[in-house]
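# What the coordinates show
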Amino acid sequence: MTLLNPTKLAELPLDARSREIVTKTIEFFETKGKKRLREDDLDRVWYADFLDFVKRERIFADLLTPPELGGADARWDTFRNCFVNEVLGFYGLCYWYTWQVSILGLGPLWMSPNGAMRKKTAEALGSGGIFAFGLSEKEHGADIYSTSMTLTPQEDGSFRANGSKYYIGNANEAAIVSVFGKMAGSDDYVFFAADPKRSGYKLVKNVVASQSYVAEFELENYRVAADEVLIQGRDAWNASLNTVNIGKYNLGWASIGICEHAFHEALNHATGRRLYGMAVTDFPHVSRMFVDAWARLVAMKVFAFRASDYLRAASLEDRRYLLYNPIMKMKVTTEGEKVVDLLWDVIAAKGFEKDVYFEMAARDIRALPKLEGTVHVNIALIVKFLANWLFRPAACPEIGRRSEPAHDAFLFAQGPASGLGKIRFHDFAPAFEKYARVPNVALFREQLGAFRELVGAAAPTEEQAKDVDLLLAVGDLFALAVYAHLVLEGAEHHGLTDDTLDQVFDVFVRDFSSYALKLHERSGATEKQAAMALRLVRRPVFDAGRFRRIWESEVYALRETYRMKE
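Now for a look at the structure at hand.

Definitions and limits used
Residues take numbers from 1 onward in each chain, read along the sequence in its written order. For a predicted model such as this one, the threshold for reporting local features is a pLDDT of at least 70, and the threshold for listing and counting side-chain atom pairs is 80 or more; totals across whole chains, interfaces and linings nevertheless cover every residue. Computation of side-chain values covers all heavy atoms of the structure but excludes hydrogens and water. Any two of the Phe, Tyr and Trp rings considered here, Trp counted by its six-membered ring, make a pair once their centres fall within 6.5 Å; the pair's planes then place it as stacked at under 30 degrees, edge-to-face at over 60, or tilted in between. Our definition puts a charge over a ring when NZ of Lys or CZ of Arg is within 6 Å of the ring centre and also within 35 degrees of the ring normal. What counts as a helix is a DSSP run of H or I of at least four residues, what counts as a strand is a run of E of at least two, and both are numbered from the N terminus. N or O atoms within 3.5 Å of each other form a polar contact, as long as, within protein, one can give a hydrogen and the other can take it, and as long as residues adjacent in sequence are counted only when both atoms are side-chain atoms. Only heavy atoms enter the contact rule, under which two residues are in contact if any of them lie within 4.5 Å. Expected helix span is computed as 1.5 Å times (number of residues minus one). The reported bend at a residue is simply the angle between two axes, fitted to the 7 residues ending at it and to the 7 residues beginning with it. Remark: exposure states derive from per-residue accessible area (1.4 Å probe, protein chains only) relative to the maximum for the residue type, with buried under 20%, exposed over 50%, and partly exposed in between. Two cysteine sulfur atoms form a disulfide, by the criterion used here, when they sit within 2.5 Å.

Evaluation of the coordinates by the stated rule reveals 44 aromatic pairs. An aromatic cluster is present here, built from Phe303, Trp389, Phe428, Phe432, Phe444, Phe451, Phe478, Tyr483, Phe505, Phe508 and Phe512 joined pairwise through their rings. Between the NZ or CZ atom of Arg401 and the centre of the ring of Phe305, over which it lies, the distance is 5.8 Å.

Dropping the structure here:
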């Protein structure tokens, strides 16, 4: 698995226009240079230069417009969007963020049956517009049951909107804000379109200290025309959750991009330093931390691409993506934190310096696990799938690699956001059997069997399920099991060697053991659960030759292969 190197893009598996978008985006940032990138970050400069570039090159217009409303290259193609997510994360979270919240804002617009608003949206994208998703509120967060934004019908057929929204990215400059609320009187859910430039839209403040503008805004008797209502009733409720289903997938890619840039910078620094008469990278603990960081980052990318395959292949009959997307959000982003922490332990004080990218990475990597639902919220979601995944495999369509240039229309026709307990999954066993020759895969397979026995014999009771602390311990084990499964499924797509898989699963075996110990320690666990949790603990198979080959050929070999232009 190749880490992103902006100077070596020949192998990008993309069509001509998609490759052009990625290449031009990289050129924009490399021309800007690291010095200016860091100055703009430290001075919290609104990224007007980036948005001018997006407009000039029709970046968002081609990437985010359905083909029937855009130009010849317009489509919503998750595979190519992965690369854009990665590149934007690589250069700065604020640039990724304006893209991400535009995606969220576009969700209800593309899901709406309102043809006039869909056409207006496409025109705004073509003019370089960005978008906002007006869902959360200061008092209620993302608890959309409690939303206080109201839309009141008027005698002339229009509506008046009143209420406030909080933590809304792009809401200062958005061409359209998709606002979620309730109809006055009936409490029916509704999405409607708002314009920050119109009377009644009051921009209160930017609630964060950042280049991004994350707004608190109020609507005071804001007039909404009848043709600005997007979706009503249960469909509006479904649209809110289905939009988040789309957006949360992207967070893992932002983490990947951040980690890749931080990795290059940290390795360049460490390989150029000598301490106590020896190279920093000759210290055994330093090479171990770099190899661990690399292995985690490889797994992040392989899982992310494999999860994309299921997202692109989804249908009303195949909704396996509803397990993989929250794992992408909560697992890949928390893995990103671990990667940056490992690198930071190597470069130490260098990571605080104002002229290095790493200072941004160390700060911004913390944000991603906390967006689009906390890690805890997403673990609570994925645990709903545990019994079906572990014990009731079904005959599901086999999904290959979905890298073809195509519009992913199902994303905007996901149907009811319910029925999660009915979703079935294919058997995980064949993937583990296929790679049983790899020592640490075989060891993890044993751990997974012990976990299955634990859940089968001592599953949390209904009362225990109310103990969030206990549930999180079980959820961590389950998430890692699913994560490892998709890494194995994606291994062949990316030509992972047995050495690479063994090193990746060395990490997985240790993590699974760590999570098992947490379950053992939980006060809410029964004696039986605590005892059975210890059966999951294993020591990984260490192979000095394999470690040396990975270190020399995969990790150390990356030194000075990329350094951002000043």
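Tracing the backbone shows Gln211 in the loop between strand S6 (201–206) and strand S7 (214–224). Polar side-chain contacts of Gln211 include one of 3.4 Å to the backbone nitrogen of Asp41. For Gln211, the side chain forms a polar contact with the main-chain oxygen of Val45, separated by 2.7 Å. Discounting residues that sit within four places of it in the chain, Gln211 has contacts with Asp40, Asp41, Arg44, Val45, Trp46, Tyr47, Cys94 and Tyr95.

Turning our eyes to something else, we now look at helix H9 (residues 321–347). Spanning 27 residues, H9 covers 37 Å between terminal C-alpha atoms, matching the ideal 39 Å at 1.5 Å per step. Of all the bends in H9, the greatest measures close to 30° and is centred on Met328. The buried count for H9 comes to 23 of 27 residues, which makes it a mostly enclosed element. Positive phi shows up at Ala348, right after H9, with a value of about 50°.

Further remarks concern the state of the cysteines. Under the counting rule described, the total for this entry stands at zero disulfides. This cysteine, Cys94, is not joined by any disulfide, and Cys259 carries the nearest cysteine sulfur, 17 Å off. Looking at Cys94, the relative accessible area reads 9%, which means it is buried.

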